[in-house]
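# Commentary on secondary and tertiary structure
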Amino acid sequence: MSITSFRSANSGVQTVTPKVTFQTLQEKKQAGRPITALTAYDYATARLVDEAGVDLILVGDSLAMVVMGHESTLPVTMDEMLHHTRAVRRGVNHAIVVADMPYGSYHGSVAAGVANAMRFIKEAGAAAVKIEGGASRCELVQRLSEAEIPVVCHVGLTPQAVHRMGGYKVQGKTLASAEELTRDARMLEAAGASVIVLEGMPRELASIITSQLRIPTIGIGAGPDCDGQILVFHDLVNLSFSRPAKFVRQYADAAALFRTAIGNYIHDVEQRSFPEESESYHLSKEVTDALKVAPLKAHLLRKA
Ligand code: KIV
């Protein structure tokens, strides 16, 4: 754990929480200790994920699908990503917060990519940004590094390229594409990437890439040999409303839990068993009696 730390802002108690840094992730790779990462999109889930001790929280553009109900990640905008990153940032005291740069925010030009990345750092409090793509992103990675912005790269199955890939398909299955992905990862590292997400690729390829890089890899659908793992929070707790991908492990059934809670609430309201006495505020007997005999006075009292 890095010696960098900070004081808890909300509690008023002078607790010092160890803060995860990219140095911490690097140390974990060297020590062979797995890096843990999850997505979060709002204050409440960010707090839960952070308090559980995850190393890295990604405000993923997957929010387009799991929070906003879009069919792909493509429609989410800079303003929407900034809004959610701010909410997540307020819930996090420990983990590295990484903002995912949405489709279109870095594809037009390197200058636009740098300007948009700076917004995540300055306006939303992210510690780093994530971009999808291979060697063609090297110039942007270099410029971001020069601008003191740590970059998480993302290769393999890159959802922003869904139309080019012809669907959400496992990548790197042929020798040529496996070699290309390996080359991409090495070039992104050389350009200054701090971490590389490996998504949707054969575990053997992810293992080879991981062993060839100095920087950590974080896998999703890339097998167990990456330096860390990431999942979409809504997949982890069954809130995605879609058939889970092969690589997803559901650790809880929040949908079932929420359905039961909502059903019980509806039942209790309809049966007039909610709210009950202990869940109500009360008037003194004196005021109650006065209200009963003098409705006009009661009206005045309400106004006051
Ligand atoms: O947007 C996202 O959630 C991601 C992860 C799947 C890595 O990019």
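It should be noted that the structure appears before, not after, this text.
Residues numbered from 1 in each chain as written. Predicted model: local features only at pLDDT ≥ 70, side-chain atom pairs only at ≥ 80, totals over all residues. Heavy atoms only, no water.

### Remarks on the site of the ligand
Close to the ligand lie T39, L58, G60, D61, S62, D100, K130, H154, I220 and V232. A distance of 3.1 Å separates an oxygen atom of the ligand from a polar side-chain atom of D100. Relative to its free-state accessible area of 260 Å², the ligand is covered by the protein chains to the extent of 96%. Because more than half of its atoms lie within 2 Å of the grid, the ligand is assigned to the largest pocket. (Near = heavy atom within 4 Å. Polar contact = N/O pair within 3.5 Å; in protein donor to acceptor, adjacent residues only side chain to side chain. Areas by Shrake-Rupley, 256 points an atom, 1.4 Å probe, with all protein chains shown as cover. 1 Å grid on protein atoms, 1.4 Å probe; cavity = no way out; pocket = protein on both sides within 12 Å on 5 of 7 lines; lining within 4 Å. Sits in = over half its atoms within 2 Å of the grid points.)

### Observations regarding the packing of helix 8 (residues 175-191) against helix 9 (residues 203-212)
One can describe the packing of helix 8 onto helix 9 by two numbers: an axis separation of 10 Å at closest approach and a directional angle of 30°. Comparing their axes, helix 9 and helix 8 come out roughly parallel. Between helix 8 and helix 9 lies a crossing of right-handed hand. Of helix 9, the residues touching helix 8 (which contributes A178, L181, T182, A185 and R186) are L205, I209 and Q212. By residue class, the composition of the contact of helix 8 with helix 9 is 5 nonpolar, 2 polar and 1 charged. (Axes fitted to C-alpha atoms, helices over the stretch in contact; angles between N-to-C directions. Helix = DSSP H or I, 4+ residues; strand = E, 2+ residues; numbered from the N terminus. Parallel < 35°, antiparallel > 145°, perpendicular 65-115°, else oblique. Left-handed = near helix turned anticlockwise from the far one by under 90°. Contact = heavy atoms within 4.5 Å. Nonpolar A, V, L, I, M, F, W, Y, C, P; charged D, E, K, R; others polar.)

### Observations regarding the pattern of salt bridges
Scanning the entire structure with this criterion turns up 10 salt bridges. A salt bridge links R86 to E123, with the nearest nitrogen and oxygen atoms 3.8 Å apart. Of the two residues, R86 is situated in helix 4 (residues 78-90) and E123 in the loop between helix 5 (110-122) and strand 6 (128-132); the sequence distance between them amounts to 37 residues. Using a relative accessible area of 30% as the deciding quantity, one classes R86 as partly exposed. Judged by its relative accessible area of 37%, E123 falls in the partly exposed class. (Salt bridge = Lys/Arg side-chain N within 4 Å of Asp/Glu carboxyl O. Buried < 20%, exposed > 50% of the residue type's maximum accessible area, 1.4 Å probe, protein only.)

### Considering the sheet that holds strand 10 (residues 228-231)
Pairing in this closed barrel of 8 strands is parallel, and the strands run 3-4-5-6-7-8-9-10 around the ring. Ignoring strand direction, the axes of neighbouring strands in this sheet form an average angle of 25°. In this structure, strand 7 (residues 151-156) lies alongside strand 8 (residues 195-199), joined through 5 bridges in parallel fashion. In the sheet register, G156 faces strand 8, and the bridge partner there is E199. Across the sheet, helix 8 lies against strand 7 and strand 8, angled at about 175° from strand 7, the strand it touches most. (Pairing = 2+ DSSP bridges.)

### Some words on the environment of V67
Tracing the chain through its elements places V67 in the loop between helix 3 (63-66) and helix 4. Spatially, the C-alpha atoms of V67 and G104 are 20 Å apart, while their sequence positions differ by 37 residues. Once residues within four sequence positions are removed from consideration, V67 is found in contact with Y41, H84 and H234.

### Focus: the layout of surface pockets
Of the voids in this model, the largest pocket is the one considered here, and its volume is about 960 Å³. Around the largest pocket, the lining comprises 40 residues; the ones closest to its centre are E199, I220, D235, A245 and F247. Taken together, the elements giving at least two residues each to the lining of the largest pocket come down to helix 3, strand 6 and strand 8. A class-by-class count of the residues in the lining of the largest pocket yields 18 nonpolar, 12 polar and 10 charged. Contributions of two or more residues to the lining of the second largest pocket are made by strand 7, helix 7 (162-165) and helix 8. In the lining of the second largest pocket, the residues fall into 10 nonpolar, 12 polar and 6 charged. (Points joined across faces, edges and corners; volume = space filled by probe spheres on them.)

Without other data, these values stay purely geometric and don't point to any function.
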